[in-house]
Amino acid sequence: MKATNRNLGLLGSVGLGAILMYIFDPGIGKRRRALIRDKMFRLAHRTADAIDAISHDLQNRILGLVAETRGLTAKKEVGEDVLTQRVRSRLGLLVSHPSSVEVRVENGKVILSGPILGNEVDRLLRRISSVRGVRTVENRLEVHESAESIPGLQGETKSSKGEAPDFMQSNWSPATRFTVGTAAGASLFCAARRRDKLGAAVAILSTVMLARALANMEFRRLVGVGAGRRAIDIRKIINVAAPAEHVFSFWTNYENFPRFMSNVRNVRQMSESRSHWLVAGPAGLDIEWDAVLSSYVPNETLAWKTVPGSPIQHAGIVRFQPNPDGTTRLDVRMSYNPVMGGLGHAVAALFGADPKSRIDEDLMRMKTMIETGIAAHDAARKEKGEAYIH
């Protein structure tokens, strides 16, 4: 036991020393401390906003619960318009084509008509019957086993799995995040005081639930497993003082990227639609992947995605929009799946090492490079004074 505590103390000391070296580095320690301080201020503001949102959400939920309770005990007759809206608000959760279902109310009786798929009928009738104010439901629906050749059942479909609990949805409400986060934090505190396997299991589960509540991100995106290329989304907009044709030509010549991006060491064109990228990764290790074009519209759109099996899955799209004054508005959207998903991104973001933190600097170097024709001195390829390739 003493040996274990000694080893843990040694690891803690080494970790603390590494953090202190990172923060108080003589060369760039000042910049790192300023970056961490800015992030702490931003976190404080976001925390205050979150507390305000939680307060409003809880207040609205309490008022809604009170109103619902009063409605259940009140004998007041529900108007036809109100009842119609209540029924229609449920349709989107119960059927795949809610706009095809017609709703008519007569003295508390709901009349449903229009085309519907056969596997949705029973659930629809059952749920509509339970709507407050509905006395009976009359079924005049046109039931079809397939949507084929039925105009009202064509087009994009909506989810018809029913009304899922808040904690089963992708985005949690502020009240749910607060409740789950508080419970997970308390469980983690209690589990930390135990020294057995049950305590370790509870601690792991509590940590995951606490991270889920804080990040408000699906579990697969949070841990990066099964999220594909989409765990973290990035969007940036920047205006460049150059025509759209000029900016598009710059982006389609991949040899320019190492001249304005800090981590891209080399890009090699393999074919018209495929390229090979060499990027500086964590701890000085290089990461390589192949990317393919998924959309190419000259002077308008450029989109790409990594091939399956790449160490870091990502995809992106850039839209080139001419402004009336001759400049170009760049709309850059990216999605990527870092190691450990959202958790890995959060750790990297704390030290300013994530793509979301660096893309601003990269885009500013790109803007300067296009407008002046001179490559940035702090990019991955540091040829000072070298003009970019057209």
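Q: Even after reading the chapter, I still don't get the sheet that holds strand S1 (residues 102–106), so can you show me in this structure?
A: Strands in a sheet are paired, the pairing made by backbone hydrogen bonds, and the direction either parallel or antiparallel. Strand order in this open sheet of 3 strands is S1-S2-S3, and the pairing throughout is mixed. The open sheet has two edge strands, S1 and strand S3 (136–144), and neither has a second partner. Sheet twist, expressed as the mean angle between neighbouring strand axes with direction ignored, is 15°. Helix H3 (residues 80–94) rests against S1 and strand S2 (109–117) of the sheet, and its axis sits at about 150° to S1.

Q: Even after reading the chapter, I still don't get the packing of aromatic side chains, so can you show me in this structure?
A: Within the structure shown, the criterion is met by 10 aromatic pairs. Aromatic side chains Phe250 and Phe260 sit 5.6 Å apart centroid to centroid with 40° between the ring planes, which places their arrangement in the tilted category. Of the two residues, Phe250 is situated in helix H8 (residues 244–252) and Phe260 in the loop between H8 and strand S5 (264–269); the sequence distance between them amounts to 10 residues. What makes Phe250 buried here is its relative accessible area of 1%. Phe260 sits in the buried class, given a relative accessible area of 1%. Considering the side-chain rings of Trp251 and Phe257, the 5.4 Å spacing of their centres and the 90° angle between planes classify their relative orientation as edge-to-face. Take Trp251 and Phe257: they sit in the same class, and that class is buried. Taken together, the aromatic side chains of Phe248, Phe250, Trp251, Tyr254, Phe257, Phe260, Trp277, Tyr296 and Phe320 make up a single cluster linked through ring pairs.

Q: So what exactly am I meant to see when it comes to the confidence of the model for the chain here?
A: Low pLDDT means the predicted atomic positions in that stretch should not be read closely. Per-residue pLDDT for the chain has a mean of 75; in total, 66% of the residues score no lower than 70. Of all secondary-structure elements in the chain, the lowest mean pLDDT belongs to helix H9 (residues 341–350), at 42, while H8 reaches the highest, 93. Note that residues 340–353 has pLDDT below 50 and, in this model, 35 contacts with residues that lie over four places away or in other chains. In this model, residues 382–390 is a region of pLDDT below 50 whose contacts with residues beyond four sequence positions or in other chains number 22 contacts.

About the cut-offs
Residues numbered from 1 in each chain as written. Predicted model: local features only at pLDDT ≥ 70, side-chain atom pairs only at ≥ 80, totals over all residues. Heavy atoms only, no water. Pairing = 2+ DSSP bridges. Helix = DSSP H or I, 4+ residues; strand = E, 2+ residues; numbered from the N terminus. Axes fitted to C-alpha atoms, helices over the stretch in contact; angles between N-to-C directions. Contact = heavy atoms within 4.5 Å. Phe/Tyr/Trp six-rings, centres within 6.5 Å; stacked < 30°, edge-to-face > 60°. Buried < 20%, exposed > 50% of the residue type's maximum accessible area, 1.4 Å probe, protein only. pLDDT = per-residue confidence, 0-100.

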